[in-house]
Amino acid sequence: MDKMAITPKGLRLVLAGVLVMIAGYILMTGGGSDDPAVFNYAMFDFRRLVAAPVVIIAGIVVVVVGIMGKFNSKKEKK
C-alpha cells in the first residue's frame with residue numbers, strides 16, 4: 001500500500017475547491033429582515049442569486065478535477 005488513491009496535487013485541488021465552495025456559501029449569507037412583517041428585497045440581489053451559485057459550482061468543478069484528474073508525479077515516471 002505504497003500508493004495513495006489521490007495524489008498530493010489532487011488533494012491540494014480538493015482543498016482549494018472546498019475553500020472556494022465555502023466562499024460561495026459566505027457570499028450567499030445575509031439579506032434577511034429583522035422584522036418578519038417587513039419584506040426585504042436585499043435577498044434578491046446579484047450577489048446571492050448569481051455570483052454565489054456560480055462560485056459554488058466552480059468549487060465543485062475544482063473538487064471533481066482534483067478527484068478524477070490524473071496527475072503524474074515525478075516518482076511514477078520510472
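Whatever comes next refers back to the structure up there.
Just so we're clear, the structure is a prediction, and the values are computed from it rather than from any experiment.

Observations regarding the pattern of salt bridges
Turning to step 1, where the next piece is worked out: In the structure shown here, the tally under the stated rule is one salt bridge.
Turning to step 2, where the next piece is worked out: Across the pair D45 and R48 runs a salt bridge, and its minimum N-O distance is 2.9 Å.
Turning to step 3, where the next piece is worked out: Accessibility expressed as a relative area gives 29% for D45, which makes it partly exposed.

Thoughts on a nonpolar patch on the surface
Turning to step 1, where the next piece is worked out: Among the surface-exposed residues, F39, Y41, M43, F44, F46, L49, V50 and V54 lie close enough to one another that they form a single nonpolar patch of about 880 Å² accessible area.
Turning to step 2, where the next piece is worked out: Examined against the element boundaries, V54 turns out to sit in helix 2 (residues 46–68).

Topic: the environment of M43
Turning to step 1, where the next piece is worked out: Relative to the assigned elements, M43 resides in the loop between helix 1 (8–28) and helix 2.
Turning to step 2, where the next piece is worked out: Non-local contacts of M43, meaning those with residues more than four positions away in its chain, are made with G31 and R48.

Cut-off values and rules
Residues numbered from 1 in each chain as written. Predicted model: local features only at pLDDT ≥ 70, side-chain atom pairs only at ≥ 80, totals over all residues. Heavy atoms only, no water. Salt bridge = Lys/Arg side-chain N within 4 Å of Asp/Glu carboxyl O. Buried < 20%, exposed > 50% of the residue type's maximum accessible area, 1.4 Å probe, protein only. Patch = residues over 30% accessible without salt bridge, like charges linked within 9 Å, V, L, I, M, F, W, Y side chains within 5 Å. Areas by Shrake-Rupley, 256 points an atom, 1.4 Å probe, with all protein chains shown as cover. Helix = DSSP H or I, 4+ residues; strand = E, 2+ residues; numbered from the N terminus. Contact = heavy atoms within 4.5 Å.

Purely spatial values, then, with no claim about function.
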